[in-house]
Amino acid sequence: MPKMPAPTDAAGLRPMHALAASFVHWAVGTEGSSRSSALIRIGLAMLFWSRWAGELLFYMDQSPIGLFLAANFFVATTLLFVGYQSRAAAVWTGAVGLAMYYYFGFQFGREPWTHHHTYLLAVAALLIALTPCDRSYSLDRYLAVMRAERAGLPAPAERGNLWGLRLIVVQLCVLYFFAAFDKSSYAFLSGARIEAIFLWYYAGSDYPAGLAWFATIASVAVVALEYSLAFGLPFRATRRYLLLPGLAFHAIIYVTLPVYTFSATMVLLYLAYFDADAVDKVIARLQGIGLKEEIS
């Protein structure tokens, strides 16, 4: 009789190996359009300005360290916005943000600078440095095209490795998860925190009828939504159902609570969830490029 091969677990491991290889390719091996990365780069610079430019004007703090911070802030964010040495400018901007968060915020006691939106902006700037954010909508792109023309070469492709966008996705998922986890307590789920927030900002000492029921329902809905966003947004099949609720959630807290910088940053970083080439196609169609090709 022929000898039967010894049973092994190799067949069972193959799907796991394939899944691991697929994840590694998604995480660090995917190349795509640089345009969504460039849009995030520009948006981050504008968010830095909208939040801190007014506080860092040179006459606001004329001490040596205050002037040093202001000079670094405006030079770094301007380079990030125009896209000159874009990746270095992103690292510089992120380092300035972390210095504001840890050193000036916690060490110097500037309490508003210790809030989570400061940390998120700084980390997002550092992560966008790991993307091809310099290859589109930038002075770097213009100079590269000019060099190619002088050398008689085609313009460089607006593409690159997207692992920085993957890290932004991970950052957002972790943020949503721990935001929901922090709220998974009786203090929040009972509606007490939302009641307190509403009374502080809107009602004062007048307790509206029905507030307790509304606060409880809203609290449970917020926690459920944040858990869903943490685990569902990275996947295309569930993202289609969560995108509008997620955007509506941030829009509501933007207009109702003083968390506008955080909300705007989250909406901007949603670009990282989408396939970069799909974003490129949408931009091309908005510019009429696809229509022109069809007509020609």
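The written sequence of each chain sets the order in which its residues are numbered from 1. The predicted nature of this model means local features are confined to residues of pLDDT at least 70 and side-chain atom pairs, given and counted, to a pLDDT of 80 or more, with totals for whole chains, interfaces and linings taken over all residues. Only hydrogens and water are removed before side-chain values are computed, so all heavy atoms of the structure are retained for them.

(A) Spatial organisation of the pattern of salt bridges. Each reported salt bridge corresponds to a side-chain nitrogen of Lys or Arg within 4 Å of a carboxyl oxygen of Asp or Glu. Tallying each qualifying case throughout the model produces nine salt bridges. Measuring nitrogen to oxygen at the nearest pair gives 3.4 Å for the salt bridge that ties Arg35 to Asp280. Separated by 245 residues along the polypeptide, Arg35 in helix 2 (residues 35-52) and Asp280 in helix 13 (residues 276-286) bring together distant segments of the chain. For Arg35, a relative accessible area of 13% puts it in the buried group. A salt bridge links Glu55 to Arg51; the shortest N-O distance between them is 2.5 Å. For the purposes of this entry, the term helix denotes a DSSP run of H or I that reaches at least four residues, the term strand denotes a run of E that reaches at least two, and both are numbered from the N terminus. Three exposure classes are used, based on accessible area relative to the maximum for each residue type with a 1.4 Å probe and protein chains only: buried under 20%, partly exposed in between, and exposed over 50%.

(B) Quick look at the domain arrangement of the protein chain. Domain annotation of the protein chain identifies domain 1 (33-146) and domain 2 (174-276). Here the C-alpha centroids of domain 1 and domain 2 sit 27 Å apart. Residues count as neighbours in contact if any of their non-hydrogen atoms are within 4.5 Å of one another. Taken together, the contact between domain 1 and domain 2 spans 13 residues of the former and 11 residues of the latter. Once two parts are brought into contact, the accessible area they lose, counted with a 1.4 Å probe and summed over both, makes up the buried area. For the pair domain 1 and domain 2, the two sides together bury roughly 1,100 Å², of which 84% comes from carbon and sulfur. Segment limits for the domains were obtained from an automatic or database-derived domain assignment.

(C) Structural view of the UniProt feature "transmembrane region" (unreviewed entry) in the protein chain. UniProt positions are given in the numbering used here, feature names are shortened, and annotations may be inferred rather than shown by experiment. The UniProt record marks residues 65-83, 89-106, 118-137, 162-179, 210-235 and 247-273 with the feature "transmembrane region" (unreviewed entry), using the residue numbering of this structure. Span residues 65-83 is 95% helix and 0% strand, its end C-alpha atoms 27 Å apart. Summarising residues 247-273: 74% helix, 0% strand, and an end-to-end C-alpha distance of 13 Å.

(D) The packing of aromatic side chains, seen in detail. Working definition: a ring pair exists when centres of Phe, Tyr or Trp rings (six-membered ring for Trp) sit within 6.5 Å. Plane angles under 30 degrees give stacked, over 60 give edge-to-face, the rest tilted. Overall, the coordinates contain 20 aromatic pairs when judged by the stated rule. When the centroid spacing of 5.5 Å and the interplanar angle of 50 degrees are considered together, the rings of Tyr101 and Tyr119 count as tilted. Highlighted residues: Tyr101 in helix 4 (residues 86-107) and Tyr119 in helix 5 (residues 116-128), separated in sequence by 18 residues. A connected cluster of aromatic rings, assembled from ring pairs, spans Phe48, Trp52, Phe58, Phe73 and Phe74. Criterion for a charge above a ring: Lys NZ or Arg CZ within 6 Å of the ring centre, and within 35 degrees of the ring normal. Geometry around Phe188 places Lys183 over its ring, the cationic atom sitting 5.9 Å from the centre. When the ring centre of Phe274 is taken as origin, the NZ or CZ atom of Arg239, which lies over that ring, is 5.4 Å away.

(E) The environment of Ala144, seen in detail. Position of Ala144 relative to the elements: it lies in helix 6 (residues 139-150). Judged by relative accessible area, which is 18%, Ala144 ranks as buried. Along the primary structure Ala144 and Asp134 are separated by 10 residues, whereas in three dimensions their C-alpha atoms are 10.0 Å apart.

(F) Expanded view of the packing of helix 9 (residues 192-203) against helix 10 (residues 211-232). For the pair helix 9 and helix 10, the least separation of the axes is 8 Å and the interaxial angle reads 120 degrees. Regarding the angle of helix 9 to helix 10, the classification is oblique. For the pair helix 9 and helix 10, the sense of crossing is right-handed. Along the contact surface, helix 9 presents Ile194, Glu195, Phe198 and Leu199, while helix 10 presents Leu211, Ala212, Ala215, Ala218 and Ser219. Gly is put with the polar residues, along with every residue not named as nonpolar or charged; the nonpolar set is Ala, Val, Leu, Ile, Met, Phe, Trp, Tyr, Cys and Pro, and the charged set is Asp, Glu, Lys and Arg. Per-class residue counts for the contact of helix 9 with helix 10 are seven nonpolar, one polar and one charged. For helices, the fitted axis covers only the stretch in contact; all axes are lines through C-alpha atoms, and the angles between them, taken along N-to-C directions, range from 0 to 180 degrees. In this scheme, roughly parallel covers angles under 35 degrees and roughly antiparallel covers those over 145, while 65 to 115 is roughly perpendicular and the rest are oblique. Definitions for this section: a left-handed crossing has its near helix turned counterclockwise from the far helix by less than a right angle. A right-handed crossing has that turn clockwise.

(G) Representation of the packing of helix 7 (residues 163-183) against helix 10. Across the interface, helix 7 lies against helix 10 with an axial gap of 8 Å and an inter-helix angle of 155 degrees. Judged by the inter-axis angle, helix 7 sits roughly antiparallel to helix 10. For the element pair helix 7 and helix 10, the recorded crossing hand is left-handed. Taken together, the residues of helix 10 that come into contact with helix 7 (itself represented by Cys173, Tyr176, Phe177, Ala179, Ala180, Phe181 and Lys183) are Val222, Val223, Glu226, Tyr227, Leu229, Ala230 and Phe231. For the contact of helix 7 with helix 10, a count of residues per class yields 12 nonpolar, no polar and two charged.

(H) Here's a closer look at unusual backbone geometry. Despite not being glycine, Gln85 has its phi angle at roughly 50 degrees, a positive value. Located in the positive-phi region is Tyr137, a residue other than glycine, with phi close to 50 degrees. Structurally, Tyr137 can be placed in the loop between helix 5 and helix 6.

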